[in-house]
Each structure stands twice: as C-alpha cells, then as structure tokens.
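Analysis of the macromolecular model
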Amino acid sequence: MQLIPAIDIIDGKCVRLTNGDYSLKTVYSDSPVDMARRFEALGYQRLHVVDLDGAKSKHVVNIETLRQITASTSLVVDFGGGIKSDDDIRQAFDAGASMVTVGSVAVSHPDLMERWLKVFGTNRIILGADVRNGFVCVNGWKEDSREALLPFLQRYINKGVTKVLCTDISRDGTLNGPAVDLYKEVLKAFPGLQLIASGGVSCDDDLRQLEAAGLPAVVFGKAFYEGKITPPQRGLCKRIIPCLDVKDGLTVKGTCFENLRQAGDPVELGKAYSDAGADELVFLDIAASHEGRKTFTDVVRRVAKEINIPFTVGGGINELDDVSRLLDAGADKVSINSAALSRPRLITEITRRYGSQVCVVAIDATPEAGEISEDWHCYTHGGRQRTDRNLFEWAREAQERGAGEILFTSMAHDGTKQGFANEALRKLSETLTIPVIASGGAGRKEHFRDAFLIGKADAALAASVFHFGEIAIPDLKRYLHHEGLHVRL
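Okay, the packing of helix α14 (residues 320-328) against helix α16 (residues 345-354) next. For any two helices packed against each other, the geometry is given by the interaxial angle and the distance between the axes. Running from amino to carboxyl end, α14 crosses α16 at an angle of 45 degrees, the nearest separation of the two axes being 10 Å. When the axes of α14 and α16 are compared, the pair comes out oblique. By crossing handedness, the relation of α14 to α16 is classed as right-handed. Contact residues: Leu 320, Val 323, Ser 324 and Leu 327 in α14; Glu 349, Ile 350, Arg 353 and Tyr 354 in α16. Of the residues that constitute the contact of α14 with α16, the class distribution is 5 nonpolar, 1 polar and 2 charged.

This is the structure:
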C-alpha cells in the first residue's frame, strides 16, 4: 500500500481542518515547501497537495507554492483544490504536478470533466469523491449534492477513470479511524480500482487495517503531524526498480547491450512487478533513439493503466512535446539520455516546465582503464555511439541543469550478473546531491546490498534477474531488510 502524506494550504501555510470546517484550522508549518522536503527525507515518494484557498474561492490560488514544492523535491505530486478550467489544469501541470484531483467539477459539470479525461488523459486525472452520508459533496465540502457515491463512481469508471480519492468527511481530521467498511464496499463494487483512502487515519494500526482491506493507497495528514504515524524511515528508503527494456513492443534483455532475447509482454510484466511490491517501474524503448522515432506511446499507456507505482519512461525523447505526450500517457517521470548529451539545455527546459522530479537523466558509460578509473566515457543511441563526455563531469552538469535523478548504467557490467559498478557508484553518490540509481550487473541479492552499502546508491535497477524469475522482489526486500537496509516491505 502506498503511503501519501498531505499538505493542505491556506494563506501560504500548511494546515489541517476538521470535518472540512475552515474555522477549525490548525497550522502545522509556515512553509509547505519545507514540509515537502521533510516528507521526502523520511522516505515518502508521493505527496497530495490541496489548495484550500482555491477550493474556497473556486479558482487555483497557491500555484507558486506547488511550483516550489516540485522544484525542491523528487516527490510525485498530485494537486487539487479550485480546479475549474483547462487553464487551472495546465497551470498545475506546468508547475510540476504529475496528476490533478478533480471533485466539484465532476459533479457540477460532467461534460467538462469527461472532456478533461480525453484531453489530459485518464492517468493524470484523479476523481475526487468527498462523501458525507453516502452522497458526494462539493466546493470545499461546504455543499452537499444529490450524487450517491457508487452510481457517481460507476459513471466515471465507464468513462475511463482509474484513480479515485475517496474522503469520508465525517472522519477527516478527527483521528477517529478510517471508513474501512466504505472502502471495502467501493472495492467490492469496482475490483481493480486504484482507490485512495482519505480521512480519519490515526495510527499505524489504521494503516495496517486499510492494507489488509486491499486499499492500494492512503492519504493522511493530521496523524503524521501529531506524531502518531511511523515514517517509512528516518532517511530515504532504498528503492528496488525493475526495468522493462522494450524493442518492437516486447521486453528484451541482453549482455553489455548486445545479444538481446525476449523476456515477455511489458504490460503483463509491469502489472506483476507492481503487484509484487516494486517501488517504481522504468520503461526504456531501447531502439527509439537509434531508429530515429518516438517512444511507443500506446504501450506506455497500457502499462500505466495496470500499475500503481511511480513510472519512468525513456527512449526517443527529444523535445517538450515528447515529455507532454508521455506524461499524458501515464508516465510520472521521463528518462533522457542521447538527446540530453546532444542538447544539454533539454534538461533545463524539462525541469522549468515540469519540475525536477519529472526529469531523470540516464547515463550509459564504460571505463577506459578499469572500474576504479575516473576515465569513464558516456555513450548514446543505446550504447552504440561513444562521446567525449566524462561520466562524472556530465552527471554534475546534469544536476546543475536541474535533473532530479541520475540513472547510471555501467555498460561493462550490464547483463553480466557479476555485480554493480560500486566504485563508480560511490564516486557519483558522494559527488552529487540528487539520487543515483544503480543499473547494470545484478545477479544475486548480495549485489543489491553492495550497491547500497558500498556504492551508496539510492535505488537499484535490474531486469533479467526479475524477468526470468531468478530473484523475487518480495524475497529480495526481506533479505535487504535483514541486512539492515531500509526498504518498503
């Protein structure tokens, strides 16, 4: 189950209401941006931001605060409150939100909501269902509607909605426990719905109860601010990331970027990894740059519909329109490699438009004189073309231009199953302030441990050991936990 802390904003401050009553307001921080950084440092990956000023005034107000949050963290952010127009949604996306939550408009203007689902994509629109006595409420919970919850959800699920944030208003901010029976009823009616529970969470036991009920995600606020929930970790959790290298619509895997063999359908694999507890999923169209074409958007869209974890997509991304297309298809982040090396300003353009959390810079490199050498050269076009750029210098420049993460693949280690390039990883991790993802060389559980302990990587990516059943993600995480590493079990 994904844990999603909430930041509700009034007058530029981080607050919580009780039962949606603006007169029952508690201020927990004068800086929502600092609070977002704190959430990231504690190991959370998602963030729910609510513009309560916007909800009350019926237009987006705190867009600049959203922009600062997304620029300052790598959190996947969804944003709601006061969204009434196309411009409001575009502002939110331009400010770095990965998704928007829409509630009142879905009730009052269903035609507009349906158009948004088509224009912006069902994977970027979360349907907000704020419930009181079985009916949906609108306009910052101040007004009841005549929309009964289940028929309301059914209508939009028929239109392609896959994500629903359901809040029991009577419990929100009360610390009296979540509406577990309500959520069970919804999941029984709509199996497979990506239902996000909200309201009433008071302690870790509530979270365990929701997870046992099958909830894929939960939003909480007051319980965290009052110290009643244990964070994932005092520091970032180590992430396990399966990678789907896709060529001609099929997942493939080779050794040192050569001798490719098929590994299965990317949609089926993506769903299996999401269900198995992977922290994120990376999809790389490995021939797109070499073949001079765009990433397979249709496959991306189909994968995104089946998973409930952060989703990074790369391959053939050369301009901002490519980023928009993939985000609309369901990606949370994009990975750029060849295009960034040929035109480094692309990193700056992406981060200014969408926030640093969207931009992962992938670097394929190999050493000229052994792993401990500093003379690592970067390659483009799926490892086919050598450049004069040095791995460490290029990684520093990518960070300075705003990249949110570095995905480093050692071409010399890729597919060998002899372990990651830990010395190079350590140098990168100690040099940079942004997360480093290790890639290339995983063969045993110990290799992941060493990437974290020796290489100081923030995440480890692998393909064949997962694709061919050599290592199961739940087993790997239990092993890492027993080795003293902080992972989400």
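With that settled, consider unusual backbone geometry. Even without a glycine there, the phi angle at Asn 133 is positive, about 55 degrees. Along the chain, the position of Asn 133 falls in the loop between β7 (125-132) and β8 (135-138). The phi torsion at Lys 456 lies on the positive side, around 55 degrees, for a residue other than glycine. Inspection of the secondary structure assignment puts Lys 456 in the loop between α19 (445-453) and β24 (459-462).

The next thing to look at is the confidence of the model for the protein chain. Of the residues in the protein chain, 91% have a pLDDT of 70 or more, and the chain-wide mean is 87. Here residues 254-261 is a poorly scored stretch, pLDDT under 50, and it has 26 contacts once near neighbours within four places are set aside; other chains count. In the model, residues 289-293 has pLDDT below 50 throughout and makes 10 contacts with residues more than four positions away in sequence or in other chains.

The next thing to look at is the side chain of Thr 122. Looking at the secondary structure, you find Thr 122 in the loop between α6 (110-120) and β7. The contacts of Thr 122, once residues within four sequence positions are left out, are Leu 117, Lys 159, Gly 160, Val 161 and Thr 162.

This brings us to the packing of aromatic side chains. By the definition in use, this model includes 14 aromatic pairs. Aromatic side chains Phe 39 and Tyr 225 sit 6.1 Å apart centroid to centroid with 55 degrees between the ring planes, which places their arrangement in the tilted category. With Phe 39 in helix α1 (residues 32-41) and Tyr 225 in helix α10 (residues 222-225), this pair connects stretches of sequence that are 186 residues apart. No difference in accessibility class separates Phe 39 from Tyr 225, as the two residues are buried. Sitting over the ring of Phe 93, Arg 124 keeps its end group 3.6 Å from the ring centre.

What counts, and where the lines are drawn
- Residues numbered from 1 in each chain as written.
- Predicted model: local features only at pLDDT ≥ 70, side-chain atom pairs only at ≥ 80, totals over all residues.
- Heavy atoms only, no water.
- Axes fitted to C-alpha atoms, helices over the stretch in contact; angles between N-to-C directions.
- Helix = DSSP H or I, 4+ residues; strand = E, 2+ residues; numbered from the N terminus.
- Parallel < 35°, antiparallel > 145°, perpendicular 65-115°, else oblique.
- Left-handed = near helix turned anticlockwise from the far one by under 90°.
- Contact = heavy atoms within 4.5 Å.
- Nonpolar A, V, L, I, M, F, W, Y, C, P; charged D, E, K, R; others polar.
- pLDDT = per-residue confidence, 0-100.
- Phe/Tyr/Trp six-rings, centres within 6.5 Å; stacked < 30°, edge-to-face > 60°.
- Buried < 20%, exposed > 50% of the residue type's maximum accessible area, 1.4 Å probe, protein only.
- Lys NZ or Arg CZ within 6 Å of the ring centre and 35° of its normal.

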